[in-house]
Every structure is written in structure tokens, then in C-alpha cells.
Amino acid sequence: MQMTPLDIRNKTFGKGIRGYQCQEVEKFLETVSQEFESIYSENFELRDKTKALEAEISHYRQLEKTLQQTLVVAQQTAEEVKTVARHEAELLLREAEQEKQSKVSEAQKKWEKIQEEIQGLSRNRDLLRTQLKSFLLAHLDLANLQERNEGIA
């Protein structure tokens, strides 16, 4: 049975011949009642406060759980971003390597073409030199022949 401060105030005792003095008992019961009422009120307040704190703890636990989930998602996202970045870097490196190979191949072809042009120009020079030499020798022979003919005449 749960007692209330009102139960203590309303409690009556039977009187006997040599019983307690009524005023002292009533005064004591009033003091006990007041103390009990104070403790009783404090108990209700503490229960309310406990419920509020439990609700707050529940809220913080939910918040902690949400933060942990967010952290896990953030870590997963970071790993995915790293993986994608590595993949993109590898692709860029492959593309750069292919582009480099293409440019090296193109430069090699241009170099070979220039070498062929140089060889062709060198052959043309040699041919022109030979033709010029032959032309000059033929004119020299012609001039010498004319000089002899003039000296005979």
C-alpha cells in the first residue's frame, strides 16, 4: 500500500488510559506529514526529470546512431571517390601514353619524310653539279676549240 501525505494527516489513534499525549502525537504527525509531502513531491519531480533525461538520452543515442551511419556513408563515399579518381587517373595516363606514342610515331614519320627529302635534294644537287660540270667542260672544250680554230685561221 502506498501512503500519501494526506493519509498521514488523517491518521487517528485510539485513546487509552495511559496513552500518548495527543498534542505531541499530532505535532509529530504534522511534521512527518510535511517531510513526507516534501519527499513525495521531490520523488514526482525526480521521476519527471528522469523521464525527460531518458528521452534526452534516447534522442542523443538516435543522434549518435545517425552520426555513425553518416560517418560510415562518408567513409564509403570517400573510398568510392578515391576509387573513381584512381580509375580516372589511370585512364588519363593511358590516354596520355597513347597520345605520346601517336605523336612519337607521327614525328618519326615526319623525320623519315624529311630524311627522304634531304636525300632527294642531295641527289638533285649532285645531278645538277654533274650537269653543270659537264656543261662547263663542254663550253670550255668549245672555247678551246674555237681558240685553236682562230689560231689556225
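Position labels on residues start from 1 in each chain and follow its written sequence. Whole-chain, interface and lining totals are the exception, using all residues; otherwise, since this is a predicted model, local features are given only for residues with pLDDT of at least 70 and side-chain atom pairs are given and counted only at 80 or more. Values reported for side chains reflect all heavy atoms of the structure, with hydrogen atoms and water molecules removed beforehand.

Looking only at helices and strands, one finds two helices and zero strands in the protein. We compute the radius of gyration from the C-alpha atoms alone; for a globule the expected value is 2.2 Å times N to the 0.38, where N is the number of residues. Taking 15 Å as the expected radius of gyration for a compact globule of 153 residues, we find that the protein reaches 60 Å, considerably beyond that expectation. Dimensions of the protein, computed from C-alpha atoms along their principal axes, come out at roughly 195 × 25 × 15 Å. Classification of residues uses two cut-offs on accessible area relative to the type maximum, computed with a 1.4 Å probe and protein chains only: under 20% is buried, over 50% is exposed, and between them is partly exposed. Taken over 153 residues, the protein has a buried fraction of 3%. Note on areas: Shrake-Rupley with a 1.4 Å probe; residue coverage comes only from the protein chains shown. Split by element, the accessible area of the protein, about 14600 Å² in all, is 57% carbon and sulfur. A run of DSSP states H or I qualifies as a helix once it reaches four residues; a run of E qualifies as a strand once it reaches two. Both are numbered from the N-terminal end.

Attention now moves to the pattern of salt bridges. Whenever Lys or Arg places a side-chain nitrogen within 4 Å of a carboxyl oxygen from Asp or Glu, that contact is recorded as a salt bridge. By the definition in use, this model includes six salt bridges. Note that arginine 94 and glutamate 90 form a salt bridge whose closest N and O atoms lie 3.9 Å from each other. In this pair, arginine 94 and glutamate 90 are both assigned in helix H2 (residues 22-152), four residues apart and thus about one turn of the helix distant. The salt bridge partner of glutamate 106 is lysine 110, with a shortest N-O separation of 3.8 Å. With glutamate 106 and lysine 110 both in helix H2 and four residues apart, this pair spans about one turn of that helix.

Now for the UniProt feature "coiled-coil region" (unreviewed entry) in the protein. UniProt positions are given in the numbering used here, feature names are shortened, and annotations may be inferred rather than shown by experiment. Under the local residue numbering, the UniProt record ascribes the feature "coiled-coil region" (unreviewed entry) to residues 86-124. Taken end to end, residues 86-124 is 100% helix and 0% strand, and its first and last C-alpha atoms sit 56 Å apart.

In this scheme Phe, Tyr and Trp rings, the latter by its six-membered ring, pair at centre separations within 6.5 Å, and the angle between planes marks the pair as stacked below 30 degrees, edge-to-face above 60, and tilted otherwise. For the coordinates displayed, the defined rule picks out two aromatic pairs. With centroids separated by 5.9 Å and ring planes inclined at 25°, the aromatic side chains of phenylalanine 36 and tyrosine 40 adopt a geometry described as stacked. Here phenylalanine 36 and its partner tyrosine 40 are both found in helix H2, four residues apart, which amounts to about one turn of the helix. Here tyrosine 40 and phenylalanine 44 contribute two aromatic rings whose centre-to-centre distance is 5.0 Å and whose plane-to-plane angle is 85°, an arrangement assigned as edge-to-face. With tyrosine 40 and phenylalanine 44 both in helix H2, this residue pair falls four residues apart, about one helical turn. Relative accessible area serves as the criterion here: at 41%, phenylalanine 44 is assigned to the partly exposed category.

With that out of the way, let us pick up the layout of surface pockets. In this structure, the largest pocket spans a volume of roughly 320 Å³. Lining the largest pocket are 15 residues; nearest its centre among them are Phe13, Lys15, Cys22, Val25 and Glu26. Among the elements of the structure, helix H1 (5-9) and H2 are those that each provide at least two residues to the lining of the largest pocket. Three classes are used, and their members are as follows: Ala, Val, Leu, Ile, Met, Phe, Trp, Tyr, Cys and Pro are nonpolar, Asp, Glu, Lys and Arg are charged, and the others, Gly among them, are polar. Partitioning the lining of the largest pocket into residue classes produces six nonpolar, four polar and five charged. Both site types are read off a 1 Å grid over the protein atoms alone. A 1.4 Å probe that fits but cannot get out defines a cavity, while an open set with protein on both sides within 12 Å along at least five of seven lines defines a pocket; lining residues have an atom within 4 Å of a point. Grid points are joined across faces, edges and corners, and a volume is the space filled by probe spheres set on the points.

Tracing the chain through its elements places glutamate 42 in helix H2. Spatially, the C-alpha atoms of glutamate 42 and lysine 15 are 34 Å apart, while their sequence positions differ by 27 residues.

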